[in-house]
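# Structural features, examined
Residues per chain are reported as follows:
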Amino acid sequence: MNFTEITKLRQSCRSFNAARSVEREKLDMILEAARLSPSACNGQPYHITVCEGEAALKVAKACQGMGMNRFASDAPVMLVISEEAYVKTAAFGSKVKGNDYRSIDIGILSAYITAEACEVGLSTCILGWFDDKTVREICSLSAPVRLVITLGYAKEDDKLREKKRKDMKELVSYIKNQEQ
Ligand SMILES: Cc1cc2nc3c(=O)[nH]c(=O)nc-3n(C[C@H](O)[C@H](O)[C@H](O)COP(=O)(O)O)c2cc1C
């Protein structure tokens, strides 16, 4: 699958096959893609905690406040993305430029994870709705959790949905200076 195909095929999965586990080899490929993700000053200011079995179920429950994300209980793997400290140069740049590079880095990391998962035939859903305190306790983390990603096989009847996105005119503008 090439990248263009991945952009068309990847979608948030909300219908996981709870009976099908994730092969270690595929999980390793996804984590290797995550490891190669770019970040400000190459600082990689994040940590990934792989939760499986009972831990995955506990994390899923912590993503279900107010009736949200019920499907998460069927995902055999939950990837918990938490913050780590900036490296000095990125901390300096972030302060001087007033830019939250760490959130950007975690976003890119998540894009790599979800794209590689798609490449190996697995499905994902990025979750921003979770109870930080509970997930931290489950994973013994002292730093804030920023995202949780469900990982597993989609059910056979989970169809590819039509993508709903801004149209190109709204999304993109071009500026070209007049020739003098
Ligand atoms: C930062 C972030 C947080 C999200 N949180 C949730 C969530 O808690 N529950 C959920 O079902 N989907 C969540 N999503 C998935 C988005 O709803 C989804 O990516 C978007 O609607 C586009 O659909 P697609 O991923 O199927 O292309 C989240 C996505 C992102 C990037």
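As a starting point, this report considers the structure included with it. These numbers come from a predicted model, not from an experiment.

### Overview of the state of the cysteines
- This model, assessed by the stated rule, comprises zero disulfides.
- No disulfide involves C13; its nearest neighbouring cysteine sulfur is the one of C125, lying 7.7 Å away.
- We classify C13 as buried; its relative accessible area is 1%.
- Of all cysteine sulfurs in the structure, the one in C139 sits closest to C51, which takes part in no disulfide; the separation is 3.7 Å.
- For C51, a relative accessible area of 4% puts it in the buried group.

### Description of the site of the ligand
- Residues in close proximity to the ligand total 14 residues, the closest being S12, R14, N69, R161 and R165.
- S12 is positioned such that a nitrogen or oxygen atom in its side chain is 2.6 Å from an oxygen atom of the ligand.
- R161 is positioned such that a nitrogen or oxygen atom in its side chain is 2.8 Å from an oxygen atom of the ligand.
- If one sorts the elements of the shell around the ligand by residue count, strand β3 (residues 123-127) sits on top with three residues.
- Taken together, the residues that form the shell around the ligand break down as six nonpolar, four polar and four charged.

### Some words on the packing of aromatic side chains
- Taken as a whole and assessed by the stated rule, the structure comprises zero aromatic pairs.
- We note R20 situated over the ring of Y153; from NZ or CZ to the ring centre the distance is 3.5 Å.
- Directly above the ring of Y86 sits R102, whose terminal nitrogen or CZ lies 4.7 Å from the centroid.

### Quick word on the sheet that holds strand β1 (residues 46-52)
- Strand order in the open sheet formed by four strands is β1-β2-β4-β3, and the pairing between neighbours is antiparallel. In this open sheet, the two strands that pair with only one neighbour each are β1 and β3. Pairs of neighbouring strands in the sheet enclose a mean axial angle of 20°, with direction left out of account.
- Where β1 and strand β2 (residues 77-83) come together, seven bridges link them in antiparallel fashion. When the sheet's bridge partners are listed, C51 is paired in β2 with M78.
- The sheet contacts of helix α2 (residues 24-35) involve β1, β2 and β4 (145-152), and relative to β1 the element is tilted by about 165°.

### Here we look at a positive patch on the surface
- A contiguous patch of positive charge, built from R14, R161, K163, K164 and R165, is present on the exposed surface.
- Assignment of secondary structure puts R161 in the loop between β4 and α7 (168-171).

Conventions and cut-offs
Residues numbered from 1 in each chain as written. Predicted model: local features only at pLDDT ≥ 70, side-chain atom pairs only at ≥ 80, totals over all residues. Heavy atoms only, no water. Disulfide = S-S within 2.5 Å. Buried < 20%, exposed > 50% of the residue type's maximum accessible area, 1.4 Å probe, protein only. Near = heavy atom within 4 Å. Polar contact = N/O pair within 3.5 Å; in protein donor to acceptor, adjacent residues only side chain to side chain. Helix = DSSP H or I, 4+ residues; strand = E, 2+ residues; numbered from the N terminus. Nonpolar A, V, L, I, M, F, W, Y, C, P; charged D, E, K, R; others polar. Phe/Tyr/Trp six-rings, centres within 6.5 Å; stacked < 30°, edge-to-face > 60°. Lys NZ or Arg CZ within 6 Å of the ring centre and 35° of its normal. Pairing = 2+ DSSP bridges. Axes fitted to C-alpha atoms, helices over the stretch in contact; angles between N-to-C directions. Contact = heavy atoms within 4.5 Å. Patch = residues over 30% accessible without salt bridge, like charges linked within 9 Å, V, L, I, M, F, W, Y side chains within 5 Å. Areas by Shrake-Rupley, 256 points an atom, 1.4 Å probe, with all protein chains shown as cover. Salt bridge = Lys/Arg side-chain N within 4 Å of Asp/Glu carboxyl O. Lys, Arg positive; Asp, Glu negative; His and termini not counted. Charge placed at Lys NZ, Arg CZ, Asp CG, Glu CD.

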